[in-house]
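# Fold and geometry: a report
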Amino acid sequence: MFSATDTKVEKILAVDDTPDNLFLLQTILEIEGYEIDLVADGVTALKQVEESPPDLILLDVMMPGLDGYEVTRRIRNHPFLDYIPILLLTAFHDVSVVEGLDAGADDFIRKPFDQDELLARVRSLLRLKRSLDEQKKLFRQQEDFVLRLTHDLRTPLVAADRMLNLFQQETFCKISADMKQAIAAMIRSNQNLLDMVNTLLEVHRLEAGKKTLQFENCNICEIATEVVEELHALADEKEILLKVDSSELNQQDENDCIILGDRLELRRLISNLVGNALKFTDTGSITVRISATPPSSGDQGWIKLEVEDTGYGIAADDLPTLFERFRQGKNKRAGSGLGLHLSRRIVELHGGTIEVTSELGKGSVFTVHLPKK
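Thresholds applied
- Note on numbering: residues in each chain are counted from 1, in written sequence order.
- Local features in this predicted model are restricted to residues whose pLDDT is 70 or higher, and side-chain atom pairs enter the listing and the counts only when it is 80 or higher, whereas totals over whole chains, interfaces and linings include all residues.
- The basis for every side-chain value is the complete set of non-hydrogen atoms in the structure, without hydrogens or water.
- Type-normalised accessible area, obtained with a 1.4 Å probe on protein chains alone, sets the label of each residue: buried when under 20%, exposed when over 50%, and partly exposed for intermediate values.
- Under the scheme used here, helices are H or I runs from DSSP no shorter than 4 residues and strands are E runs no shorter than 2 residues, and both carry numbers assigned from the N terminus.
- This arc is built from the directions going out from the helix axis to the C-beta atoms.
- Residues count as neighbours in contact if any of their non-hydrogen atoms are within 4.5 Å of one another.
- Only strands joined by at least two bridges in the DSSP assignment are considered to pair.
- Look down the strands so they point away from you; if going from the first strand over the helix to the second traces a clockwise path, that crossover is right-handed.
- A helix is expected to reach a length of 1.5 Å times the quantity of its residues less one.
- Each patch groups residues whose relative accessible area exceeds 30% and which form no salt bridge, using 9 Å between like charges and 5 Å between nonpolar side chains of Val, Leu, Ile, Met, Phe, Trp and Tyr.
- With residues, only the protein chains shown are counted as cover, and all accessible areas are computed by Shrake-Rupley using a 1.4 Å probe.
- Note on definitions: salt bridges are taken to be side-chain nitrogens of Lys or Arg within 4 Å of carboxyl oxygens of Asp or Glu.
- An axis is simply a line fitted to the C-alpha atoms; with a helix, the fit covers only the stretch in contact. Between two such axes, the angle follows the N-to-C directions and lies from 0 to 180 degrees.
- Working rule for angles: under 35 degrees goes down as roughly parallel, over 145 as roughly antiparallel, 65 to 115 as roughly perpendicular, anything else as oblique.
- If you view the pair so one helix is near and one far, a crossing is left-handed when the near helix is turned anticlockwise from the far one by less than a right angle, and right-handed when it is turned clockwise.
- Just so you know the grouping, Ala, Val, Leu, Ile, Met, Phe, Trp, Tyr, Cys and Pro go in nonpolar, Asp, Glu, Lys and Arg go in charged, and all remaining residues, Gly too, go in polar.
- UniProt positions are given in the numbering used here, feature names are shortened, and annotations may be inferred rather than shown by experiment.
- The definition used for a disulfide is geometric: two cysteine sulfur atoms within 2.5 Å.
- Here a polar contact is recorded for every N or O atom pair within 3.5 Å, except that within protein the pair must consist of a potential hydrogen donor and a potential acceptor, and residues adjacent in sequence are included only if both atoms are side-chain atoms.

## Comments concerning helix 2 (residues 42-51)
- Within the sequence span of helix 2, burial applies to Gly-42, Ala-45, Leu-46 and Val-49. Buried residues in helix 2, looked at end-on, bunch into an arc of 100°, giving them a common side. What points out from helix 2, more than 90 degrees from its buried face, is the exposed set Val-43, Lys-47 and Glu-51.
- Packing partners of the buried residues in helix 2 comprise strand 1 (11-15), strand 2 (35-39), strand 3 (56-60) and helix 3 (68-76).

## Description of the pairing of strand 2
- Relative to strand 2, strand 1 is paired through 5 bridges, and the arrangement is parallel. What sits directly across from Ala-14, in strand 2, is Leu-38.
- Handedness of the crossover joining strand 1 and strand 2 through helix 1 (residues 19-31) is recorded here as right-handed.

## Side note on unusual backbone geometry
- In this structure, Pro-112 follows Lys-111 across a cis peptide bond, with omega equal to -5°.
- You can see Pro-112 is positioned in the loop between strand 5 (107-110) and helix 5 (115-168).
- Even without a glycine there, the phi angle at Glu-170 is positive, about 60°.
- Secondary-structure assignment places Glu-170 in the loop between helix 5 and helix 6 (177-207).
- You will see that Glu-239, though not glycine, has its phi angle at about 60°, which is positive.
- Relative to the assigned elements, Glu-239 resides in the loop between helix 7 (220-237) and strand 7 (241-245).

## Digging into helix 1
- Here helix 1 spans 18 Å end to end across 13 residues, near enough to the 18 Å set by a 1.5 Å rise per residue.
- Trailing helix 1 by a residue or two, Gly-33 shows a phi angle of about 95°, which is positive.

## Things to note about the side chain of Thr-287
- Residue position: Thr-287 is located in strand 9 (residues 285-293).
- With residues near it in sequence (within four places) discarded, Thr-287 still touches Lys-243, Asp-245, Glu-306, Val-307 and Glu-308.

## Digging into a nonpolar patch on the surface
- The grouping of Met-163, Leu-166, Phe-167 and Phe-172 at the surface amounts to a nonpolar patch, some 350 Å² of accessible area in total.
- Residue placement: Phe-172 occurs in the loop between helix 5 and helix 6.

## Observations concerning the sheet that holds strand 2
- Spatially, the 5 strands line up as an open sheet ordered 2-1-3-4-5, and their pairing is parallel. Each edge of the open sheet is held by one strand with a lone partner, namely strand 2 and strand 5. Pairwise comparison of adjacent strand axes, ignoring direction, gives a mean angle of 20° for this sheet.
- Across 4 bridges, the pairing between strand 3 and strand 4 (residues 86-90) is parallel. Pairing of Leu-58 across the sheet is with Leu-87, part of strand 4.
- Lying on the sheet, helix 1 is in contact with strand 1, strand 2, strand 3 and strand 4; it crosses strand 2 at an angle near 175°.
- The sheet strands contacting helix 3 are strand 3 and strand 4, and the helix crosses strand 4 at an angle near 170°.

## Some thoughts on the packing of helix 2 against helix 3
- Two elements in contact, helix 2 and helix 3, have axes separated by 10 Å at closest approach and are oriented at 20°. Comparing their axes, helix 3 and helix 2 come out roughly parallel. Along this stretch, helix 2 crosses helix 3, giving a crossing that reads as right-handed. The residues of helix 3 that touch helix 2, namely those facing Gly-42, Leu-46 and Val-49, are Val-71, Arg-74 and Ile-75.
- Of the residues in the contact of helix 2 with helix 3, the class split is 4 nonpolar, 1 polar and 1 charged.

## Quick word on the UniProt feature "modified residue: 4-aspartylphosphate" (unreviewed entry) in the chain
- In the numbering used here, UniProt assigns the feature "modified residue: 4-aspartylphosphate" (unreviewed entry) to Asp-60.
- Its location among the elements puts Asp-60 in strand 3.
- The class for Asp-60 is buried, based on a relative accessible area of 5%.
- Apart from residues lying up to four places away in sequence, Asp-60 is in contact with Val-15, Asp-16, Asp-17, Gly-68, Leu-89, Thr-90 and Lys-111.

## Let's talk about the state of the cysteines
- Scanning the model with the defined rule gives 1 disulfide in all.
- Each sulfur of the disulfide joining Cys-221 and Cys-257 lies 1.7 Å from the other. Across the S-S bond linking Cys-221 and Cys-257, the dihedral sits near -55°, which makes this disulfide left-handed. With Cys-221 in helix 7 and Cys-257 in the loop between strand 7 and strand 8 (258-261), this pair connects stretches of sequence that are 36 residues apart.

## Structural notes on the environment of Asp-82
- Locating Asp-82 in the fold gives a position in the loop between helix 3 and strand 4.
- Once the C-alpha coordinates of Asp-82 and Asp-55 are considered, the two residues, 27 residues apart in sequence, prove to be 9.9 Å apart.
- Separated by 2.5 Å, the side chains of Asp-82 and Lys-136 make a polar contact.

So this is what it looks like as structure tokens:
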């Protein structure tokens, strides 16, 4: 039933191969104010659900062709359908409730059913549907707000970064050494905030499906070397040895470094991992190690990229949630909790895996496996 504040009449799809059963369901439910669509077989039901998704499905179990279990499984496995509650109907007492629920149904009622019981189950499942739809709507609104906010924040941050660099270069006037030092601190803080905003934007674009990756043949060794060269100055400032080790690769086979991927996103992945290692390492070394596994039967082979540091390490209870969004570690230098989440999303979009091993006080190893082209 819909409330006085609702403008939408809730729509129910009834699926049964017996016309009398459909007529009974239609009579009961239309009196309660629901809109009813009637379908006599599973194939037509699936087509109807795709073309005009209902708010609830009443589905007979025993039907010729596709039975209720198979229809339920196909609806649940459909990649583009939002959640629709399914109430299974059966006249047989030996039908497996377990099979129906395992297939993805939400509830089960036996025929002949009590009218009040049927309506109670219908109301219950529609309340569930409304609740989930409202949660999804709120989530989308929150995502949209964050996306717009971060986009609007980026413009003044970029402008501030340019202006601060002009001040530091004495474009407008001479400044003292103390002022240069203060401006340098402001530039670092502004850059950290800009990096966080850019990362948040990338996370939202990926998860909203608004980012299209451009796949091409990429030399992962070249990308890693470029990233390391760019970050060498920061490593030298901290007196940390930063290097790329590809000694395990077959130096005679140039394809050992080639994967099919988005060069910009792979560069972002390696920058995130190496930058993270630099943040949490004060002494010792950081090694970007690249190796490959040869193709085998049914396997195209893999590139393994490891970023190993001698930093603080990660607490054991932080490891299970390390790649989740906004999950910050206990270390006082922990950032927004977005960089590693974004790294995992990039790896997954390339068909790979990422994992971490760590020991407090001894360092961490982030290991990425990416399929070769």
